[in-house]
Amino acid sequence: MIESLLVANRGEIARRIVRTAKKLGIRAIVVHSEADAGLPFVTEADHAVCVGPANPALSYRNVEAILAAAKDTGAQAIHPGYGFLSENADFARTVEASGLIWVGPGADAISAMGDKINARNLMAAAGVPVAPGTTEPAADLDAAVAAAAEIGYPVMVKAAAGGGGMGMGVATDEAGLRTEYDKVRSFAERMFGDGSVLIERYFPRVRHVEVQILGLADGRVVALGERECSVQRRNQKLVEESPSPAVSPELRARFLAAAVRAGEAVNYRNAGTVECLLDPTTDEFFFLEMNTRLQVEHPVTEYVYGVDLVEEQLRVAAGLAPTFDPDALAPRGHAIELRINAEDPKRFLPGPGAITTWNEPAGEGVRVDSGYVAGNTVTPFYDSLMAKLIVSGATRDEAVQRAKAAVAQFEIAGPKNNLPFFAELLENPEFLSGDYDTGIVSRMR
């Protein structure tokens, strides 16, 4: 097993990786910005290195400083977490060229799946269902208009190099397309350095379902079930659950088989997620994108399948067999994750600030992966995620009841937070029925 690990991330995910590293007897090293010096992931690590100021470009995306920290601390491997450099193929190559172990998929797989259009084409060739859309970037507005006319409105206008729900727009007619095309292209150039735009069919009523895959050290790709991710605001997830209440055993088998084909098509190793759109009226699903990293919502899969996905990532990176039997994977029970963000629970606008009260819930089937404690400050420099509240139960109803109790027990004062939204959601008849889609939040507001 790896003996020393540097975590090139921050907050709750860095703290969560440190926890597994220590469980396995691995020396846990973290990097941090000046703004994050007092956060739990820094104080709980075996060693911490400041790599720059608050600006992520000068700290958490500072490749030179991160590699210097790894060298100076004797790190054997680097785990990128999610966000920042986690899906940067050049960083992965640089890490390995430096003689370090990269805890993630190969750089070629990251590159192949990082471009939305290339990924769509690869998946179609592998027999994975894809929604009607362009097979190459829309070179200009006229090309986008022609593509939309062929596909049929409404269409999704999407940044080819985007991710995380960013760089997307919906057009219901040509006038709307002209507006969204320019908006998405400008955003993509500014955020991703690539203004390439993809046009594809937009489904007004759709569910967002994803499959957790793991490429093993022996070359096999296995699927560890699906996650329902349809509770979203601005195309970004707020709630995830596993198994999906929309997926029957027959549909699950089709989902998992397609996800495995997707991984095999790019010789995938380590943890990844195949995201899909599901038409609940027909049970047709379509490939959306592959996230070549550990997902924020991985804990619900850990509960339902009884694995520690970070441990499995480390084992794959070290060339070791998994702790589980790949031929005997089966879901047990139900798990739900709520993303506790520092944001207004009505409009979901960021609300950073100093934390004066932080009391986490506890009890059977309750887990909190948090990045903060009382006395810390949620700064405006990073994502608003403060913690993930994960609950599990033998049934979905039991998990929901535990979620209600846990939300009521969770006390946060100082920054704004979205706990009131979750209290409302957990009483919402549509959510409770399990028959909801990506429009549920807009219907609540």
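So, here is what we can say about the structure in this document.

**Focus on the state of the cysteines**
Evaluation of the coordinates by the stated rule reveals zero disulfides. The thiol sulfur of Cys-229 is not disulfide-bonded, and the nearest other cysteine sulfur, from Cys-276, lies at 11 Å.

**Description of the environment of Tyr-82**
The topology assignment puts Tyr-82 in the loop between strand S4 (77-79) and helix H4 (89-97). Given the relative accessible area of 14%, Tyr-82 is considered buried. The spacing of Tyr-82 and Ala-8 is 74 residues in sequence and 9.3 Å in space, taken between C-alpha atoms. In this structure, Tyr-82 is in contact with Asn-9, Glu-12, Ile-13, Arg-293, Leu-294, Gln-295, Val-296 and Leu-385, ignoring residues within four places of it in sequence.

**Things to note about the side chain of Asn-291**
By secondary structure assignment, the location of Asn-291 is in strand S13 (residues 284-291). Separated by 3.3 Å, the side chains of Asn-291 and Gln-295 make a polar contact. Ignoring any residue separated from it by four or fewer positions in sequence, one finds Asn-291 in contact with Glu-87, Tyr-268, Gly-272, Thr-273 and Glu-275.

**Observations regarding the sheet that holds strand S11 (residues 236-242)**
If you walk across this open sheet you meet the eight strands as S13-S12-S9-S10-S11-S14-S19-S17, and the pairing is antiparallel. Of all the strands in the sheet, just S13 and strand S17 (366-370) have a single pairing partner and so form its edges. Direction aside, neighbouring strands of the sheet carry axes that sit 25 degrees apart on average. Note: strand S9 (residues 207-215) against strand S12 (residues 270-279), nine bridges, orientation antiparallel. In the strand pairing of S12, Glu-210 is matched with Glu-275. Those strands touched by helix H12 (residues 396-409) are S11, strand S14 (334-341), S17 and strand S19 (385-393), and its axis lies near 140 degrees from that of S19.

**A word on the nonpolar core**
Grouped together as the largest cluster of nonpolar side chains are 75 residues, with contacts concentrated most on Val-231, Ile-340 and Leu-389. The element contributing the most residues to this core is S19, with six residues. Apart from the residues within four sequence positions on either side, Ile-340 is in contact with Ser-384, Leu-385, Met-386, Ala-387, Leu-389, Phe-410, Ile-412, Asn-418, Leu-419 and Phe-422. Formed by 27 residues, the second largest nonpolar core is a distinct cluster that contains Ala-112, Val-211, Ala-258 and Cys-276.

**Description of the pairing of strand S6 (residues 155-159)**
The buried count for S6 comes to five of five residues, which makes it a mostly enclosed element. Here S6 runs beside strand S7 (residues 168-171); their pairing, made up of four bridges, is antiparallel. The residue of S7 that forms the bridge with Val-155 is Ala-171. Direction of pairing for S6 relative to strand S8 (residues 197-201): antiparallel, over a ladder of five bridges. Note on S8: the bridge partner recorded for Lys-158 is Leu-198.

**Section: the pairing of strand S2 (residues 27-33)**
Most of S2 is tucked away: six of the seven residues are buried. Judged from the four bridges that link them, strand S1 (residues 4-7) and S2 form a sheet pairing that is parallel. Of the residues in S2, the one forming a bridge with Val-7 is Val-30. Taken together, the five bridges between S2 and strand S3 (residues 47-52) define a ladder with parallel strand orientation. Residue pairing across strands places Val-30 opposite Ala-48, the latter belonging to S3.

**Considerations on unusual backbone geometry**
Excluding glycine, residues mostly have negative phi values, and the peptide bonds linking residues are mostly trans. Going from Tyr-153 to Pro-154, the amide bond is cis rather than trans, its omega being 0 degrees. Relative to the assigned elements, Pro-154 resides in the loop between helix H7 (141-151) and S6. Here the amide bond leading from Ser-242 into Pro-243 is cis, since omega sits at -5 degrees, within 30 degrees of zero. By the secondary structure assignment, Pro-243 is in the loop between S11 and helix H9 (249-265). For Phe-84, which is not glycine, the phi torsion reads 50 degrees and is therefore positive. Secondary-structure assignment places Phe-84 in the loop between S4 and H4. Unusually for a residue other than glycine, Asn-270 sits at a positive phi of about 80 degrees.

About the thresholds
Residues numbered from 1 in each chain as written. Predicted model: local features only at pLDDT ≥ 70, side-chain atom pairs only at ≥ 80, totals over all residues. Heavy atoms only, no water. Disulfide = S-S within 2.5 Å. Helix = DSSP H or I, 4+ residues; strand = E, 2+ residues; numbered from the N terminus. Buried < 20%, exposed > 50% of the residue type's maximum accessible area, 1.4 Å probe, protein only. Contact = heavy atoms within 4.5 Å. Polar contact = N/O pair within 3.5 Å; in protein donor to acceptor, adjacent residues only side chain to side chain. Pairing = 2+ DSSP bridges. Axes fitted to C-alpha atoms, helices over the stretch in contact; angles between N-to-C directions. Core = buried A, V, L, I, M, F, W, Y, C linked by side-chain atoms within 4.5 Å.

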